[in-house]
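Spelled out from the first residue to the last, the chains are:
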Amino acid sequence: MIDIKIETSWKNQLKEEFTTPHMTALSKFLRQEKLIGKKIYPPGGKIFNAFNITKFGSVKIIILGQDPYHGPNQANGLSFSVERNIKPPPSLQNILKELHSDLNINHPGHGDLTAWAQQGVLLLNTCLTVENGLPNSHQGRGWEIFTDAVLSRVNDKKEHIVFILWGRKAQVKEKFIDRTKHLIIKGAHPSPLSAYNGFFGSKPFSKANLFLEQNNLGQINWEL
């Protein structure tokens, strides 16, 4: 078993995953990439940041992205989020625009989404690492199988979860979700390349809160 530093409730849920050949191969790949001097984001201690902040028992919503930001100092283990001293990238700017349009919440002046994660919003990417300057560079290395397992476990073990799937790569994961007990909110990716094709005006935040309220689960305070 690979010794993964991940919050205990998730480690218990995913312990079989950490014994699989694909996770062993992925761990070896990441070590080798670092040995030859490649810059990998996010830093090792933050790869599982989403799980460490949002425990399994507290998950209410999963926002699924593609892979981490590939620029220096941007990725922090929470999909779409950056630290407070980092300028929000274009996709995140568009998320904050839709937040204002949907719930009249003003731009907070930063792009740190930790407050969402602390309330039960699992900010997950389909791949959890990326090479500096090369988007999608760690596709096919095993992360997708791991995140499939995450979604399957949440789907099977929990009820009334909101799955927010932005973009085609996130929407491929729809097959792991039981619509009879969960809510799926699909939309275009918030990237400037696609945001005007169905992301803007989609009102994902109010839709998610309505579903949570209908199931007596308590709404998310989306203010940052």
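In case you missed it, the structure is sitting above this.
Residues numbered from 1 in each chain as written. Predicted model: local features only at pLDDT ≥ 70, side-chain atom pairs only at ≥ 80, totals over all residues. Heavy atoms only, no water.

Caption draft 1: Quick peek at the sheet that holds strand 2 (residues 61-65). If you trace the four strands from one edge of the open sheet to the other, you get 3-2-5-6, paired in parallel fashion. The open sheet terminates on both sides in strands that have one partner only, identified here as strand 3 (121-125) and strand 6 (183-187). The sheet shows a mean angle of 15 degrees between the axes of neighbouring strands, direction not considered. Across five bridges, strand 5 (residues 162-166) lies against strand 6 in parallel orientation. (Pairing = 2+ DSSP bridges. Helix = DSSP H or I, 4+ residues; strand = E, 2+ residues; numbered from the N terminus. Axes fitted to C-alpha atoms, helices over the stretch in contact; angles between N-to-C directions.)

Caption draft 2: Spatial organisation of the environment of Ser58. Looking at the secondary structure, you find Ser58 in the loop between helix 3 (49-53) and strand 2. In this structure the C-alpha to C-alpha distance between Ser58 and Gly120, which are 62 residues apart in sequence, comes to 5.1 Å. With residues up to four places along the chain from it excluded, the contact list for Ser58 reads Gln119, Gly120 and Lys158. Within the local environment of Ser58, its side chain forms a polar contact with the backbone oxygen of Lys55, the two atoms lying 3.0 Å apart. (Contact = heavy atoms within 4.5 Å. Polar contact = N/O pair within 3.5 Å; in protein donor to acceptor, adjacent residues only side chain to side chain.)

Caption draft 3: Geometry of the packing of aromatic side chains. Counted according to the given criterion, the structure contains 16 aromatic pairs. Pairing Phe48 with Phe146 gives two aromatic rings, centres 5.9 Å apart and planes at 75 degrees, and the pair type is edge-to-face. In this pair, Phe48 sits in the loop between strand 1 (40-41) and helix 3 while Phe146 sits in helix 6 (residues 143-157), placing the two residues 98 residues apart along the sequence. This pair shows no difference in class: Phe48 is buried, exactly as Phe146 is. One aromatic cluster in this structure is built from Phe80, Trp116, Trp166, Tyr196, Phe199, Phe200, Phe205 and Trp222. Positioned above the aromatic ring of Phe29, the side-chain terminus of Arg141 is 4.0 Å from the ring centre. Note that Lys158 overlies the ring of Phe56, its terminal NZ or CZ placed 5.2 Å from the centroid. (Phe/Tyr/Trp six-rings, centres within 6.5 Å; stacked < 30°, edge-to-face > 60°. Buried < 20%, exposed > 50% of the residue type's maximum accessible area, 1.4 Å probe, protein only. Lys NZ or Arg CZ within 6 Å of the ring centre and 35° of its normal.)

Caption draft 4: Just the pattern of salt bridges, in detail. The tally for this structure, following the rule as stated, stands at seven salt bridges. Two residues, Asp148 and Lys173, come together in a salt bridge whose shortest N-O distance is 2.3 Å. Here Lys173 lies in the loop between helix 7 (168-171) and strand 6 and Asp148 lies in helix 6, a separation of 25 residues in the sequence. (Salt bridge = Lys/Arg side-chain N within 4 Å of Asp/Glu carboxyl O.)

Caption draft 5: Spotlight on the environment of Gln214. Within the element layout of this structure, Gln214 appears in helix 8 (residues 204-214). Exposure remark for Gln214: the relative accessible area of 54% places this residue in the exposed category.

Caption draft 6: Looking closely at helix 2 (residues 21-35). Between the first and last C-alpha of helix 2 there are 21 Å, a value that for 15 residues agrees with the 21 Å anticipated at 1.5 Å per step. Three or more residues of helix 2 are buried, namely His22, Met23, Leu26, Ser27, Phe29, Leu30 and Glu33. Seen from one end, helix 2 has its buried residues packed into an arc of 160 degrees, which puts them on one side. Projecting away from the buried face of helix 2 at angles above 90 degrees are the exposed residues Pro21 and Leu35. For helix 2, the secondary structure elements touched by its buried residues are strand 1, strand 4 (130-131) and helix 6. (Expected span 1.5 Å × (residues − 1). Arc of directions from axis to C-beta.)

Caption draft 7: The arrangement of unusual backbone geometry in detail. Of the consecutive residues Tyr41 and Pro42, the connecting peptide bond is found in the cis state with omega at -10 degrees. A positive phi angle, close to 65 degrees, is found at Asn73, a residue other than glycine. Within the secondary structure, Asn73 sits in the loop between strand 2 and helix 4 (90-103). Residue Asn73 is classed as exposed on the basis of its relative accessible area of 60%. A positive phi is found at Asn216, a non-glycine position, where the angle reads about 55 degrees. Within the secondary structure, Asn216 sits in the segment after helix 8. Asn216 gets classed as exposed once you look at its relative accessible area, which sits at 72%.

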